[in-house]
Amino acid sequence: MNSIVCIKQVPDTESIIKINAEGTGIVEEGIKYTANPYDEYAVEEGLRLREKFGDGKVTVITLGPKRVEETMRYYFAMGVDEGILIQDDEPGKRDPLSVAQCLAEVIKGMDYDVILCGKQAIDDDSAQVGAMLAEFLDIPQATVVSKFDVADNKKSAVAHKEIEGGEEIIEIQLPAVVTAQKGLNEPRLTSLLGIKRAVSKPIETREMNVPEAKMKITSLERPPERPPGRILKGEDEDVVQELIHLLKNEAKVIG
Amino acid sequence: MAGIWIFTEQRGGELKKVSFELLTVGRTLADRVGEELVALLVGRGVEKLVPELATYGADRIFLADNENLEDFLTEPYTSVICDAVKVNDPSVLLFSATTMGRDLSPRVAARLGTGLATDCTGLDINDAGLLSIKRPMFAGKLFANVVFHNAKPQIASVRPNVIPTQENPRAGEVVKLEVGIDPSRVRTKLMEMKKDTGARVDLTEAKIIVSGGRGMKGPENFPILEDLATALGSEATIGASRSAVDAGWRPQSDQVGQTGKTVTPDLYIACGISGAVQHLAGMSSSKYIVAINRDPDAPIFQKADYGIVGDLFKIVPLITEELKKMVS
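Residues numbered from 1 in each chain as written. Chains lettered and ligands numbered in written order. Predicted model: local features only at pLDDT ≥ 70, side-chain atom pairs only at ≥ 80, totals over all residues.

**A word on helix α5 (residues 223-232) of chain B**
Every α-helix winds through 3.6 residues per turn, so residues three or four apart in the chain are directed the same way.
All names here are of chain B.
Turning to step 1, where the next piece is worked out: Within α5, the full set of buried residues consists of Ile224, Leu225, Leu228, Ala229 and Leu232. Down the axis, α5 shows its buried residues gathered within 140° of arc, on one side only.
Turning to step 2, where the next piece is worked out: As for α5, its buried residues are in contact with β14 (208-212), β15 (236-240), β16 (267-271) and α9 (312-327).
Turning to step 3, where the next piece is worked out: Residue Gly233 follows α5 closely and has a positive phi angle near 105°. (Buried ≥ 20, exposed ≤ 12 C-beta atoms within 10 Å, placed from the backbone. Helix = DSSP H or I, 4+ residues; strand = E, 2+ residues; numbered from the N terminus. Arc of directions from axis to C-beta. Contact = placed C-beta atoms within 7 Å.)

**Comments concerning the packing of α5 of chain B against α9 of chain B**
When two helices pack together, you describe them by how their axes are tilted relative to each other and by the distance separating the axes.
Residues and elements named next belong to chain B.
Turning to step 1, where the next piece is worked out: Two numbers describe how α5 lies on α9: the axes approach to 9 Å, and their chain directions differ by 25°. In terms of their interaxial angle, α5 and α9 are classed as roughly parallel. Between α5 and α9 the crossing geometry is left-handed. For the pair formed by α5 and α9, the contact residues are Ile224, Leu225, Asp227, Leu228, Ala231 and Leu232 on the first element and Phe313, Val316, Pro317, Ile319, Thr320, Leu323 and Lys324 on the second.
Turning to step 2, where the next piece is worked out: Residues belonging to the contact of α5 with α9 are distributed by class as follows: 10 nonpolar, 1 polar and 2 charged. (Axes fitted to C-alpha atoms, helices over the stretch in contact; angles between N-to-C directions. Parallel < 35°, antiparallel > 145°, perpendicular 65-115°, else oblique. Left-handed = near helix turned anticlockwise from the far one by under 90°. Nonpolar A, V, L, I, M, F, W, Y, C, P; charged D, E, K, R; others polar.)

**Comments concerning the interface of chain A and chain B**
Turning to step 1, where the next piece is worked out: Taken together, the contacts link 68 residues of chain A with 72 residues of chain B.
Turning to step 2, where the next piece is worked out: Every element with two or more residues in the side of chain A that touches chain B is listed here: α3 (96-107), α4 (129-137), β7 (141-150), β8 (156-163), β9 (166-173), β12 (215-221), β13 (230-232) and α6 (236-249) of chain A.
Turning to step 3, where the next piece is worked out: Residues of the side of chain A that touches chain B, tallied by class, amount to 34 nonpolar, 14 polar and 20 charged.
Turning to step 4, where the next piece is worked out: As paired elements, β12 of chain A and strand β10 (residues 142-148) of chain B share 6 bridges and run antiparallel to each other. Residue pairing in the sheet places Glu221 of chain A in a bridge with Phe143 of chain B of β10 of chain B. (Pairing = 2+ DSSP bridges.)

**Section: the environment of Lys154 of chain A**
All names here are of chain A.
Turning to step 1, where the next piece is worked out: Its place among the elements puts Lys154 in the loop between β7 and β8.
Turning to step 2, where the next piece is worked out: Measuring from C-alpha to C-alpha, the distance between Lys154 and Tyr33 comes to 35 Å, with 121 residues separating the pair along the chain.
Turning to step 3, where the next piece is worked out: When near neighbours in sequence (up to four residues on either side) are disregarded, Lys154 contacts Met1, Asp113 and Leu174.

**Some points on the confidence of the model for chain B**
Turning to step 1, where the next piece is worked out: Looking at chain B as a whole, the pLDDT averages 95, with 100% of positions reaching at least 70.
Turning to step 2, where the next piece is worked out: At the level of chain-chain contacts, confidence expressed as ipTM amounts to 0.95, with global pTM at 0.93. (pLDDT = per-residue confidence, 0-100.)

**A few points about helix α1 (residues 17-33) of chain B**
All names here are of chain B.
Turning to step 1, where the next piece is worked out: For α1, built from 17 residues, the straight-helix expectation of 24 Å at 1.5 Å per residue is met to within 8% by its first-to-last C-alpha distance of 25 Å.
Turning to step 2, where the next piece is worked out: Burial in α1 covers these residues: Val18, Ser19, Phe20, Glu21, Leu22, Leu23, Val25, Gly26, Arg27 and Ala30.
Turning to step 3, where the next piece is worked out: Gly34 occupies a position one or two residues after α1 and carries a positive phi of about 70°. (Expected span 1.5 Å × (residues − 1).)

**A word on unusual backbone geometry**
Turning to step 1, where the next piece is worked out: In this structure, Pro175 of chain A follows Leu174 of chain A across a cis peptide bond, with omega equal to 0°.
Turning to step 2, where the next piece is worked out: For Pro175 of chain A, the location among the structural elements is in the loop between β9 and β10 (176-180).
Turning to step 3, where the next piece is worked out: Looking along the chain, the bond that leaves Lys152 of chain B and enters Pro153 of chain B is cis, with omega of -5°.
Turning to step 4, where the next piece is worked out: Along the chain, Pro153 of chain B falls in the loop between β10 and β11 (154-158).
Turning to step 5, where the next piece is worked out: Non-glycine residue Ala127 of chain A carries a positive phi angle of around 55°.
Turning to step 6, where the next piece is worked out: The phi torsion at Asn161 of chain B lies on the positive side, around 70°, for a residue other than glycine.

**Overview of the domain arrangement of chain B**
Residues and elements named next belong to chain B.
Turning to step 1, where the next piece is worked out: Here chain B is described as being made up of domain 1 (4-185) and domain 2 (203-327).
Turning to step 2, where the next piece is worked out: The interface is formed by 7 residues belonging to domain 1 together with 7 residues belonging to domain 2.
Turning to step 3, where the next piece is worked out: Considered class by class, the residues forming the side of domain 1 that touches domain 2 number 3 nonpolar, 2 polar and 2 charged. (Domains from an automatic or database assignment.)

**Structural notes on the sheet that holds strand β17 (residues 288-293) of chain B**
Turning to step 1, where the next piece is worked out: Taken in spatial order, the 6 strands line up as β13(A)-β18(B)-β17(B)-β16(B)-β14(B)-β15(B) in an open sheet, and their pairing is parallel. A strand with exactly one partner marks an edge of an open sheet, and here the two such strands are β13 of chain A together with β15 of chain B. In this sheet, adjacent strand axes meet at a mean angle of 20° when their direction is disregarded.
Turning to step 2, where the next piece is worked out: Bridging between β14 of chain B and β16 of chain B involves 5 bridges; their strand directions are parallel. Considered in β16 of chain B, the bridge of Ser211 of chain B is made with Ala270 of chain B.
Turning to step 3, where the next piece is worked out: Docked against the sheet, α6 of chain A engages β13 of chain A together with β16, β17 and β18 (306-309) of chain B, running at close to 170° with respect to β18 of chain B.

Set out below in C-alpha cells:
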C-alpha cells in the first residue's frame with residue numbers, strides 16, 4: 001500500500017504573529033515552525049496502512065523553503081520512508097491553487113494507492129489543497145475524515161466524514177485523496193531509533209515554476225479588540241441575577 | 001454574461017440558514033455591480049424550495065433536479081455547477097463554509113482554474129468592481145484582505161452566522177438545467193447518514209453554546225451544563241474544550257477550537273475553561289461571551305463580556321434555576 005502524504009510546515013500556535021513591513025505577510029524571524037497538527041493524523045494513517053498491508057511505502061511531499069526539511073525528518077522519525085521537497089523560497093506568495101498544481105505535477109508520475117492530507121493547515125486555514133489535488137489528478141476525494149477502512153483488495157475504502165450534526169459514511173474508489181480530521185487515529189511518538197534512522201532517509205529536491213497565484217493578500221490586519229469585559233462581583237445569587245439581567249437587557253441574547 | 005451566483009445548500013430537501021445569509025450578501029453585491037443574483041439549487045425534488053430563495057433576493061434560480069443528485073456527492077455536484085458556470089460565465093460564485101461547501105468549492109475552483117477564498121467573514125466590491133474579501137488566518141490572530149487576480153468566477157466560501165439575513169423578494173424565475181451525469185464518473189457512494197443522537201442543534205448552527213472544560217472535573221458533571229442548555233431553549237447546545245474531549249469526557253464532535261469547530265453563536269458560556277489560545281481561536285468571534293471560572297487570572301476573562309470568578313458547580317445551577325423561573 002503506497003501512500004503519499006502532503007504536508008506543510010506551519011508556525012507553532014503559540015508563536016506571536018507579526019505583520020511585516022509591506023503589510024501583506026508575516027515576520028518570519030522569531031517564529032517557531034512545526035508540523036501542521038492535522039498532517040500528523042494523515043502521516044499516521046499512511047504508516048498504519050503500510051503496516052496493515054505489509055507492503056509499500058509512505059512518501060511525504062511539500063512545497064517550501066529549506067527549513068521544511070526539519071519537519072520532514074520528524075515524519076521520517078515516525079516511520080515515513082522518503083520525502084519530496086518542491087523548493088520554494090517565497091511560500092508567502094502562493095495560493096492553494098498554485099500549490100495544488102505543483103503537487104499534482106509531481107504526483108502524476110508516481111505510484112500510489114491513496115493521497116493523505118491534513119484537513120487544513122493552521123496557518124492560512126484554507127482547507128483547499130486536498131480537494132484541488134483530487135481534481136487535478138482526476139481521482140475522488142473524501143474530506144474531513146475521522147475513520148478510514150481500506151478494503152483487502154485496495155480498490156476501495158469506507159470513509160467516515162464529519163458533517164454538521166452527524167456523520168456521512170461513504171464508499172470511495174481508490175486511489176483517492178483523503179483529508180484527515182482529528183480523531184482519525186492517535187499519532188505515534190517518535191522513538192530514539194526512529195530519530196537515528198531519520199538522518200539517512202532520502203529527500204529529493206525538485207525545482208519548478210510555480211504558477212502565479214489567483215488569490216492575493218492586499219493587506220493584513222489584527223482583529224478588532226473586544227471591548228474590555230466586566231467581572232461581576234458579589235454573592236453568587238446576586239451575581240447570577242445581574243448576569244441574567246445583562247444577558248436579557250444589554251446583550252439581548254436571551255428571551 | 002455576468003451574475004452573482006450563490007450555491008444554496010440543502011440537505012434532505014431543507015435549506016440551510018446559511019443559504020439565506022449568502023443570498024442576503026449576494027443581493028447587496030449584485031446591486032452594487034448591477035448584475036443579477038442567481039441561486040443555484042441542486043438536489044432531487046427540491047423545486048418546492050424556490051419560493052424561499054426568491055424571498056431572499058434571487059432574480060433567477062438555476063435548478064438542477066435529478067435522481068442522481070439526491071445525496072450530496074462531490075463529483076456529480078461539481079459537474080453540475082461547473083457546467084452551468086461554463087455556459088453562463090458568472091463573475092462571482094459563493095458557497096457556505098460548511099462541510100459541504102468546503103468539500104465542494106475547492107474542487108469547483110480547480111476545475112474552473114480559478115481562485116478561492118475560504119471561510120470569509122466580509123465581502124465587498126472594490127473600486128475596480130472586483131470582489132474584496134476579509135478572511136481570518138492563523139486561527140483568527142490576523143485577518144487578511146484578499147482580492148483575485150485574473151480569476152473568473154471569483155469564488156469564496158462564507159462563514160455561517162456572520163451575515164444577518166434580510167428578506168428582499170424578487171421574481172425568482174426558474175431556469176431548469178440539463179443534468180447529464182455519467183455514472184462511471186461518480187466514484188463515491190453514500191452508504192449511511194448518521195445523525196448525532198442528541199436532540200440538540202449542531203454547534204456551528206447554535207445560537208447559544210454552553211461549553212465545559214477541565215474545570216468540569218469529569219463527564220458525570222456535564223448534566224449541569226445540559227440542564228442549563230435546556231433552560232436556554234431549543235437553539236442552545238453543548239460544547240467542550242480540547243482537554244475535556246481528550247480526557248474522553250465528551251465526543252470529538254463537541255470540541256470547540258483549533259482542532260475542533262469554529263463557532264459564532266450569539267452567546268457563548270465558557271464553564272471551567274481557562275481559554276488557551278487554541279480554544280479562543282474557535283470561539284472568540286462569538287457575539288457575547290460569558291466566562292465562569294475559579295481562577296481570576298484565566299485568559300478567558302480577557303475575552304469575556306461578562307465574567308464570574310467562582311465555583312461553576314454553584315453558579316451554573318443557579319443560572320438554570322433563575323431561567324426556569326423566568327419561563328414559568
